[in-house]
Amino acid sequence: MRKVVFALFAFAGLLLGCTSVDCSMNNSVAGVYAFLPARNDSLGNWNDSSLTVVVKGIEGEDTIMNKNAISSNFSLPVSYTQDVDEFRFLLQDTSYNTVAVDTIRIRKNNEPIFEGVDCALRYHHKVLSATTTKHFLDTIEVNNDYISNDLTKVHFSLYLQPSKRFAVSKRPLVSSEKD
């Protein structure tokens, strides 16, 4: 009889310990970026270039993408609580010398998402504006202003300068040439 009572209490404990809240499996919240060529140009003209992205954070700078091909879409994480995210895009030649730097600033509102007490808090973001300097990038366009954990939507289109106007030189960027 004791074994039956103990088994019933153990089973009840298991039932009470389980919750019905299904936490999202994908907690990655990132903006998705796509490179697009200037009018009458092609991305093929940029095949010899690579891109490194550095983020300016609270405690300094961190490289979050290193030597990525310009021809593909990519995602960059979004800060939880900062109102402005600032990314430095470093265009590099085949020897990985930095030949141009552009800074992108994303202004946004941060919206905490609460699924349940058993789930980690995450944030979604409403993009207010996006700006860029114009060294090798021409324009940034906001395609989808709501950033969530859905990484299938392109949020930002990055239009490159016409390759005829911008030639990737072989000289390294001097540190005083930032922005």
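These numbers come from a predicted model, not from an experiment. (Residues numbered from 1 in each chain as written. Predicted model: local features only at pLDDT ≥ 70, side-chain atom pairs only at ≥ 80, totals over all residues. Heavy atoms only, no water.)

### What about the side chain of D85?
Inference 1: Note that D85 resides in strand β5 (residues 84–92).
Inference 2: Judged by relative accessible area, which is 4%, D85 ranks as buried.
Inference 3: Here S79 takes part through its side chain, which lies 2.4 Å from a polar atom of the side chain of D85.
Inference 4: Excluding anything up to four places from it in sequence, D85 contacts V78, S79, I104, R105, I106 and K108. (Helix = DSSP H or I, 4+ residues; strand = E, 2+ residues; numbered from the N terminus. Buried < 20%, exposed > 50% of the residue type's maximum accessible area, 1.4 Å probe, protein only. Polar contact = N/O pair within 3.5 Å; in protein donor to acceptor, adjacent residues only side chain to side chain. Contact = heavy atoms within 4.5 Å.)

### Notes on the sheet that holds strand β4 (residues 74–77)
Inference 1: With mixed pairing, 4 strands are arranged side by side in an open sheet as β4-β1-β10-β8. Bordering the open sheet on either side are β4 and β8 (137–142), each of which pairs with just one other strand. Neighbour-to-neighbour, the strand axes of the sheet open up by a mean angle of 30 degrees, direction not taken into account. (Pairing = 2+ DSSP bridges. Axes fitted to C-alpha atoms, helices over the stretch in contact; angles between N-to-C directions.)

### Observations concerning the environment of V84
Inference 1: Here V84 shows up in strand β5.
Inference 2: In this structure V84 touches R105, I106 and R107, once residues within four positions along its chain are discounted.

### A look at the environment of F35
Inference 1: Of note, F35 is situated in strand β1 (residues 30–36).
Inference 2: For F35 and L158, which are 123 residues apart along the polypeptide, the C-alpha to C-alpha distance reads 4.8 Å.

### Description of a nonpolar patch on the surface
Inference 1: Taken together, the side chains of F114, V117 and L121 present a nonpolar region at the surface, about 370 Å² in accessible area.
Inference 2: Position of F114 among the secondary structure elements: in the loop between β6 (98–113) and β7 (122–132).
Inference 3: The exposed category is assigned to F114, whose relative accessible area is 62%. (Patch = residues over 30% accessible without salt bridge, like charges linked within 9 Å, V, L, I, M, F, W, Y side chains within 5 Å. Areas by Shrake-Rupley, 256 points an atom, 1.4 Å probe, with all protein chains shown as cover. Salt bridge = Lys/Arg side-chain N within 4 Å of Asp/Glu carboxyl O.)

### Quick word on the pattern of salt bridges
Oppositely charged side chains can pair when the atoms bearing their charge come close.
Inference 1: Inspection of every chain in the model, using the stated rule, returns 4 salt bridges.
Inference 2: The residue K108 makes a salt bridge to D85 at a minimum N-O spacing of 3.8 Å. Remark: D85 occurs in strand β5 and K108 occurs in strand β6; sequence separation between them is 23 residues.
Inference 3: Assessed through its relative accessible area of 2%, K108 is described here as buried.
Inference 4: The partner of D145 in a salt bridge is K126, with the nearest N and O atoms 2.6 Å apart. Here the residue D145 occupies a position in the loop between β8 and β9 (146–147), and K126 occupies one in strand β7, the gap between them amounting to 19 residues.
Inference 5: With relative accessibility at 31%, the residue D145 sits in the partly exposed group.

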